[in-house]
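# Coordinates in review
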Amino acid sequence: MSLSLNHLNSRQREAVLHTDGPLLILAGAGSGKTSTMACRIAHLIATKNIAPTDVLGLSFTNKAAQELKERVGKLIASGKGKRGATRGLIISTFHSLCARLLRSHAEQLGFQKDFSIVDRADQKDILRTIFKHLNIDDRKFDHEVILGEIGQAKSRFLSGDMAQAFFLESGRLPGPYQIATAEAFQKYQDQLKVLNSMDFDDLLYYGVKLLESCDDVRAHYNARFRHILVDEYQDTNPSQFRLLRLLTQRQQNICVVGDDDQSIYSWRGADAGHILEFGSHYPGARIITLDQNYRSTNLILEAANAVITNNKKRHPKQLWSDRGQGEPLNEVILEEDREEAEWVGEEILRRATEEHRPWKDFAVLYRSNPQSRIFEEALRRKKVPYKIVGGMSFLDRKEIKNVLCLWRLIANHHDDASLRRIINWPARGIGKTSFEALNEYAFKNSLSLFSALTRASEVAPRVVPVVDTFRGAILTLRSDLEKLPMESVALAQWARTSLEVMGVRKAIEEESDDPIQFAKKWENVEELLHSIGLMKLDDPMFSEEGGNGPVAVIQEYLNRMMLQAQEQEEDEKDKDDSNSNQVTLLTLHGAKGLEYPVVFLVGMEDGLLPHQRSIDEASDLSEERRLCYVGITRARDHLILTRAKNRIRYGKPVPRYRSRFLNEIPAELILLTDRSFPDASSPKEVVAAHEERVKNFAGSIRDMLLAGRKGI
DNA sequence: TCCCGGGCTAATGTC
DNA sequence: TAGCCCGGGA
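All of these numbers come straight from a predicted model, not from anything done at the bench.

### Observations regarding the pattern of salt bridges
Side-chain pairs of opposite charge can arise where the charged atoms are in close proximity. Within this structure, the stated rule accounts for 56 salt bridges. In this structure, Asp-122 and Lys-401 form a salt bridge, with 3.7 Å as the shortest nitrogen-oxygen distance. With Asp-122 in helix H5 (residues 120-133) and Lys-401 in helix H18 (residues 398-411), this residue pair connects regions lying 279 residues apart in the sequence. The pair Asp-122 / Lys-401 is uniform in exposure class, with both members buried. Shared partners join several salt bridges into a network, and the residues in it are Arg-323, Glu-347, Arg-350, Arg-351, Glu-354, Glu-355, Arg-357, Asp-361 and Asp-637.

Okay, here's the thing in structure tokens:
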């Protein structure tokens, strides 16, 4: 059975059919990159009879990985008429892949296989402990900056003197930061090891280390992954590059797809050099350029092209489309941020009704996460179903985080970050003083907190009984878990019991102000319990050598939660479709690789896009511009750019100005509506509005005023 | 140890 | 505005 390639253009088809040897696809935004990749994978499996387990697809976000996997599933299902033909196909993020490799080989690196993955908040906890012991006043430092720096060093594979030199490099950071980071770095790494934990950068770092140091492991995966595809290659950092080199040692069937205009992760160490020098890294590589855009109308593309040409360092390319001119872009000015959200909500309702669009046609894109909040509120008020991608809002809730920490501690007793969160949740009378004493003792003796609990009699005799009870309960839950049969019901029941035993209900009651709030929080916890019951226990990865069945299931569950990867049930796709008929709210970074018929690009103001920090630091604005470009090119049919004249910050309105990137779009592409003067009868205001428009904009003033009066 | 209230600070992005 | 930390009092 072969797959139909009729819907592809000649270059795309070439990319699909070129299955042997290295291939670089330079794919402009919306050039059918995902369908080409999906088709390539489907072609390998359905036509060339490559086993799904031999193919590896890598991307940066869960959203993109999921999308690709879905597309492949659909192609194969339609071609072969049978479901499940993609079983064993791995399409994941770099981090998930590494977590998976490490889970089975952790011992080779001096970790236990039940290691925890720590998130940003946990990293900060650990850093705080270290600073305390180094007698560094940690309030003088932004932990975000220091952790960012440590992450950079790790993704560049630096350690020891090299890392020190990197931190102390002049100019990049203020002196005190350089010193603090240099001092903390090794201690931070050592501490993670004591805690049997890895941060996100470690997953890549140790993943590479594993493949470099263990010949048999490397040989195994080299033999297994006979075809590797990488999405958004322009965003790979040195660890990811190194990982790919290791995985393609034996064969060179690597296909990378990327676009230098969409490189938006240089702040976290991505190196566009990887895509530029692909030909020299993989001699004989074929290069195919895709520049026909299938997504957007030409007015949208013109706007995108106009913005991105302002970047100096790039491969010139003009996107074109045969989809016709389309409608002009809309720019809508609102008085305040709240009204911006309100208007967007109403506009979505209006278009959904008048244009008969499903909710999933709409996306609201913003530069930074906190912007999502008012849109969330506005949509909720209007009863428009929505989902927030990324934002971590669910996992960030205290009750959710703590419940996960409870399970993390059961899975890995040395996970201090987790223990710290739940030891006195609910209040057990283990206060600051006792805890600090234990903490001190643990750190001095290179012990985890959990190990230190057995020595409570030496440092905090008063709390010995409670500590013993706590420790006993955790140990009992662990051994109960180990004895569990491999059945979802048993696992779900165990999870529920664990909450009862640890008094989680009481803890949540204590911190709820009223029964309604409590009910909401408990509902979130129920959702966790539900999701744990959905784990597929027949997955071969749970029965592999280690054989600690139910424990492995919990670990994998925690893995997924920490890496934000949702389980995608293949057979539930249709059901899921109706489920996901929702308006999508997400950051520009999160939107990379996705498309929507109607896109609202909100907060188009200097200080938001481009972000204030990139303006202040006088760094070049090209990455912000690429971000804007990514945003514009997400839109298929309608692009609505909104901005507020004032934004409430810390309770006070702050005036805002039109984004400089909007000024780069030719005026004739934009239809302007000023909603900040609903009653434009006062001559003074009309003049003021008029003047602002003239200042911002060289286009036809009369047209704009008319548009402003009429509304859209 | 826990609770309360005042004061301080705050928000770039992802896994 | 809201969430967090700190200090004082019970």
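### Details of the pairing of strand S13 (residues 596-601)
The buried fraction of S13 is high, at 6 of 6 residues. Taken together, the 4 bridges between strand S10 (residues 362-366) and S13 define a ladder with parallel strand orientation. By the bridge assignment for S13, Val-364 is matched with Phe-600. Here S13 runs beside strand S14 (residues 635-649); their pairing, made up of 5 bridges, is parallel. Looking at S14, one finds that Val-599 is bridged to Leu-639.

### Comments concerning the packing of helix H24 (residues 488-501) against helix H26 (residues 515-533)
Between H24 and H26, the least distance of the axes is 8 Å, while the angle of their chain directions is 150°. When the interaxial angle is binned, H24 and H26 end up roughly antiparallel. Here H24 runs over H26; the crossing is right-handed. Across the interface between the two elements, Ser-488, Leu-491, Ala-492, Ala-495, Arg-496 and Leu-499 from H24 touch Trp-522, Val-525, Glu-526, Leu-529, Ile-532 and Gly-533 from H26.

### Details of unusual backbone geometry
For the peptide bond that leads from Trp-425 to Pro-426, omega is 5°, which places it in the cis range. Structurally, Pro-426 can be placed in the loop between helix H19 (416-422) and helix H20 (432-444). A cis geometry characterises the amide bond from Leu-609 onward to Pro-610, with omega recorded as 0°. Relative to the elements of secondary structure, Pro-610 occurs in the loop between S13 and helix H30 (612-616). Unusually for a residue other than glycine, Ser-446 sits at a positive phi of about 50°. Locating Ser-446 in the fold gives a position in the loop between H20 and helix H21 (449-452).

### Let's talk about the packing of aromatic side chains
Evaluated as defined, the whole model comprises 15 aromatic pairs. Ring centres of Tyr-205 and Tyr-206 lie 5.2 Å apart, and the angle between their planes is 90°; on these two criteria the pair is classed as edge-to-face. Members of the aromatic cluster, each reached through a chain of ring pairs, are Phe-111, Phe-157, Tyr-205 and Tyr-206. Just above the ring of Tyr-265 sits the side chain of Arg-268; from NZ or CZ to the centre is 3.8 Å.

### Some thoughts on the protein's contact with DNA strand B
Residues in contact with DNA strand B amount to 25 residues; listed here are only the nearest, Arg-268, Arg-367, Asn-369, Ser-434 and Arg-613. One of the side-chain nitrogen or oxygen atoms of His-95 is found 3.2 Å away from a base oxygen of DNA strand B. In this structure, Asn-369 approaches DNA strand B through a main-chain N or O atom, which is 2.6 Å from a phosphate oxygen. Classifying every residue of the surface near DNA strand B gives 8 nonpolar, 14 polar and 3 charged.

### Quick word on a positive patch on the surface
Taken together, the side chains of Lys-69, Arg-87, Arg-100 and Lys-536 make up a positively charged region of the molecular surface. Summarising the element assignment, Lys-69 is placed in helix H3 (residues 62-80). Residue classification places Lys-69 among the partly exposed positions, given a relative accessible area of 32%.

### Digging into helix H10 (residues 215-224)
Those residues of H10 that sit buried are Val-217, Arg-218, Tyr-221 and Asn-222. Buried residues of H10, seen end-on, are gathered within an arc of 130° and therefore sit on one face of the element. Exposed and facing more than 90 degrees away from the buried side of H10 are Asp-215 and Asp-216. For H10, the secondary structure elements touched by its buried residues are helix H4 (94-105), helix H9 (200-213) and helix H11 (238-247).

Cut-offs and rules
Residues numbered from 1 in each chain as written. Chains lettered and ligands numbered in written order. Predicted model: local features only at pLDDT ≥ 70, side-chain atom pairs only at ≥ 80, totals over all residues. Heavy atoms only, no water. Salt bridge = Lys/Arg side-chain N within 4 Å of Asp/Glu carboxyl O. Helix = DSSP H or I, 4+ residues; strand = E, 2+ residues; numbered from the N terminus. Buried < 20%, exposed > 50% of the residue type's maximum accessible area, 1.4 Å probe, protein only. Pairing = 2+ DSSP bridges. Axes fitted to C-alpha atoms, helices over the stretch in contact; angles between N-to-C directions. Parallel < 35°, antiparallel > 145°, perpendicular 65-115°, else oblique. Left-handed = near helix turned anticlockwise from the far one by under 90°. Contact = heavy atoms within 4.5 Å. Phe/Tyr/Trp six-rings, centres within 6.5 Å; stacked < 30°, edge-to-face > 60°. Lys NZ or Arg CZ within 6 Å of the ring centre and 35° of its normal. Near = heavy atom within 4 Å. Polar contact = N/O pair within 3.5 Å; in protein donor to acceptor, adjacent residues only side chain to side chain. Nonpolar A, V, L, I, M, F, W, Y, C, P; charged D, E, K, R; others polar. Patch = residues over 30% accessible without salt bridge, like charges linked within 9 Å, V, L, I, M, F, W, Y side chains within 5 Å. Areas by Shrake-Rupley, 256 points an atom, 1.4 Å probe, with all protein chains shown as cover. Lys, Arg positive; Asp, Glu negative; His and termini not counted. Charge placed at Lys NZ, Arg CZ, Asp CG, Glu CD. Arc of directions from axis to C-beta.

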